[in-house]
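# Architecture at a glance
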Amino acid sequence: MKPAAFTYHRARTTAGAVGLLTELGDDAKVIAGGQSLVAMMNFRLARPEHLVDITHVEGLAGIRRDGDALRLGALATHRAVEKADLGDFAVLSRAMRWVGHLPIRTRGTVGGSIAHADATAEWCLLAVLLDARILAESPSGVREIRAVDFFQGPFTTALEPDELIVEIVFPRPAPRAALTEYADRRGDFALVAAAVDLDTDRVVLGGVAPTPVLVEGAGTAAEIAGALELRDEPGISAHYRRGLVRTLVERAREEASRG
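Residues numbered from 1 in each chain as written. Predicted model: local features only at pLDDT ≥ 70, side-chain atom pairs only at ≥ 80, totals over all residues. Heavy atoms only, no water.

## A few points about helix α10 (residues 238-257)
Convention followed: Under the scheme used here, helices are H or I runs from DSSP no shorter than 4 residues and strands are E runs no shorter than 2 residues, and both carry numbers assigned from the N terminus. Between the first and last residue of a helix there are one fewer steps than residues, each counted as 1.5 Å, and that sum is the expected span. Contact between two residues is taken to exist if any of their heavy atoms lie within 4.5 Å; hydrogens are not considered.
The end-to-end C-alpha distance of α10, which contains 20 residues, comes to 29 Å, matching closely the 28 Å that a straight helix rising 1.5 Å per residue would cover. Turning to α10, the residues buried within the fold contact α4 (90-95), β11 (177-182), β12 (192-197), β13 (202-206) and α9 (221-226). One or two positions beyond α10, positive phi appears at Gly259, with a value near 70°.

What follows is the structure, given as structure tokens:
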């Protein structure tokens, strides 16, 4: 299928992009790598009247340390993170092997994945696990949103129509954290994903609810799986999904313990 008709706008600066979003309102969508949005448009699941292309906005693709924190520009690609030497944030680099296939990792962006808010997406789980801050710019300035408050429902976030994600900040190192997942085929969307941080005793699950599920002060893998409210769905039973949760939490903990 082909997308519905839309008007294309190319922004050259952050201020220019924010200005366009303010002018166009709810009828506009931001596009960068386009790995998620284009597919949704092709299937007519998204029909924006305007696309604001931020691919050429300078200064949004950086990856840098800031004291204990790690700051990722919204246009940093999955592949750039995968190749970076992130030291005690290496969980982010390692997790990128689960993101689709190489062409997707090369084009797709961190900010795009966060904004898309797929409850099984690796960046969404990692942001919640490590208590990331999403920085969103609007005409009134930059707003900081905690990841745990950012994801509000299926493909729904706390972003306002005139806000643009400019940076994702991970405030503290995570030397003993890991993410793993299961899909029917390598590169497909995960049926279930699990991320753990042994230093904070946190577990975040994807594929079990409309948003990433945070479990703090986590118990055993069996206890975590047993506490979930799951339903049978076409092609996958609640029992099977619960078993995946238990297995993946155990695997992630094993990987995290190896550092």
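The structure having been displayed, the exposition proceeds.
## A short note on the pairing of strand β5 (residues 69-73)
Successive side chains on a regular strand alternate, one facing one side of the sheet and the next facing the other. The condition that has to hold: Burial classes: relative accessible area under 20% of the type maximum marks a residue as buried, over 50% as exposed, and values in between as partly exposed (1.4 Å probe, protein chains only). For two strands to be treated as a pair, DSSP must find at least two bridges joining them.
Burial of β5 is extensive: five of the five residues sit out of reach of the surface. Judged from the four bridges that link them, strand β4 (residues 63-66) and β5 form a sheet pairing that is antiparallel. Each residue of the ladder has a partner; that of Arg65, found in β5, is Leu70. When β5 meets strand β10 (residues 164-170), the two strands line up antiparallel, connected through four bridges. If you follow Leu70 over to β10, its bridge partner there is Phe170.

## Overview of the packing of aromatic side chains
We apply this condition: When two rings of Phe, Tyr or Trp (its six-membered ring) have centres within 6.5 Å they constitute a pair, described as stacked for plane angles under 30 degrees, edge-to-face for angles over 60, and tilted for the intermediate range.
A complete count under the given rule lists two aromatic pairs for this structure. Here the aromatic rings of Trp123 and Phe170 are separated by 6.1 Å at their centres, their planes lie at 45°, and the arrangement is tilted. Taken together, the residues span a long stretch of sequence, with Trp123 in helix α7 (residues 122-129) and Phe170 in strand β10 at a distance of 47 residues. Classification of Trp123 by relative accessible area gives buried; the value is 1%. The buried category is assigned to Phe170, whose relative accessible area is 0%. On the numbers, 5.2 Å between centres and 90° between planes, the contact of Phe150 with Phe151 is edge-to-face. Phe150 gets classed as buried once you look at its relative accessible area, which sits at 0%. Of the residues examined, Phe151 reaches a relative accessible area of 8% and is grouped as buried.

## Quick look at the sheet that holds β12
Put simply, the rule is: Each axis is a line fitted through C-alpha atoms, and for a helix only the stretch in contact is used; angles between axes span 0 to 180 degrees, taken between their N-to-C directions.
Taken together, the four strands give an open sheet; going across it, the order is β11-β12-β13-β14, and neighbouring strands pair in antiparallel fashion. Unpaired on one side and paired on the other, β11 and β14 (213-216) mark the two borders of the sheet. Each neighbouring strand pair of the sheet contributes to a mean axis angle of 15°, computed without reference to strand direction. Sheet analysis places β11 next to β12, joined by six bridges and oriented antiparallel. Within β12, the residue paired with Tyr182 across the bridge is Val192. Contacts from α7 reach β11, β12, β13 and β14, with the element oriented near 155° to β13.

Such coordinate-based values are descriptive only and should not be taken to indicate function.
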